[in-house]
Amino acid sequence: MTIGSFSIEVLSEGRFEIFADGHINRSLAEEEDPKTAIAQSNSSVVGINPILVQTGSYNILLDAGLGWGLDAGSSYGDASNVRTNLEIFGLTPGDISHVILS
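Here, residues in each chain are numbered from 1, in the same order as that chain's written sequence. In keeping with the predicted nature of the model, local features appear solely for residues at pLDDT of at least 70, side-chain atom pairs appear and are counted solely at 80 or more, and the whole-chain, interface and lining totals rest on all residues. In computing side-chain values, all of the structure's heavy atoms are included and hydrogens and water are not.

### Quick look at the nonpolar core
Here's step 1: Side-chain atoms within 4.5 Å are what join buried Ala, Val, Leu, Ile, Met, Phe, Trp, Tyr and Cys residues into a set we call a nonpolar core. A simple rule labels every residue: compare its accessible area, found with a 1.4 Å probe on the protein chains alone, to the largest value its type can have, and call it buried under 20%, exposed over 50%, or partly exposed in between. Counting seven residues, the largest nonpolar core consists of Leu11, Leu52, Leu61, Val82, Leu86, Leu91 and Ile96.
Here's step 2: Should any heavy atoms of two residues lie within 4.5 Å, those residues are considered in contact. Apart from the residues lying within four places of it in its own chain, the contact partners of Leu52 are Ser7, Ile8, Glu9, Leu11, Asn59, Ile60, Leu86, Phe89, Leu91 and Ile96.

Given below as structure tokens:
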């Protein structure tokens, strides 16, 4: 989407379940109704959606995602993450000029 001189893109990492004890699991049912998932698993289902804003020579990342699949020992090597999402736009993490965490 373009707004004035800003190009804005959603870099979705998918949906995740957050449990009362603090642990996070990737939601296996991407199309599942979140209200049903909460009732069945006693967790909250949230979407993780970093935002890429580009303007002039600036590449701004709003929220950086969870980073699943970025560590060498991860079993989530094929998971969408900020690095794989940036590649879609021909960018690397080094191309990001600013990171804003909300």
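### Digging into the sheet that holds strand β3 (residues 14–19)
Here's step 1: In short, DSSP must find at least two bridges between two strands for them to pair. Secondary structure is summarised from DSSP: a helix means a run of H or I of at least four residues, a strand means a run of E of at least two, and numbering begins at the N terminus for each. Overall, antiparallel pairing links the three strands, which are arranged β4-β3-β5 in an open sheet. Because the sheet does not close on itself, it has two edges, and the strands there are β4 (24–26) and β5 (43–48). Here the strands of the sheet are splayed against their neighbours by 30 degrees on average, with no regard to which way each runs.
Here's step 2: Two strands pair when backbone bridges link them, and β3 and β4 are joined in this way by three bridges, in the antiparallel orientation. When the sheet's bridge partners are listed, Phe16 is paired in β4 with Arg26. Every angle, taken between N-to-C directions, lies between 0 and 180 degrees, and every axis is a line fitted to C-alpha atoms, over only the stretch in contact when it is a helix.

### Focus on the environment of Leu52
Here's step 1: Mapping Leu52 onto the fold places it in strand β6 (residues 51–55).
Here's step 2: Each C-alpha atom, one on Leu52 and one on Ser7, is 7.9 Å from the other, the two residues being 45 residues apart in sequence.

### Thoughts on the pairing of β6
Here's step 1: Of the strand pairs in this sheet, strand β2 (residues 6–10) and β6 are connected by four bridges, and their pairing is antiparallel. Across the sheet, Val10 pairs through a bridge with Ile51, a residue of β6.
Here's step 2: In this structure, β6 lies alongside strand β7 (residues 58–62), joined through five bridges in antiparallel fashion. Opposite Val53, over in β7, you have Ile60 as the bridge partner.
Here's step 3: Hairpin connection from β6 to β7: two residues lie between these consecutive antiparallel strands, with Gly56 at a positive phi of about 55 degrees.

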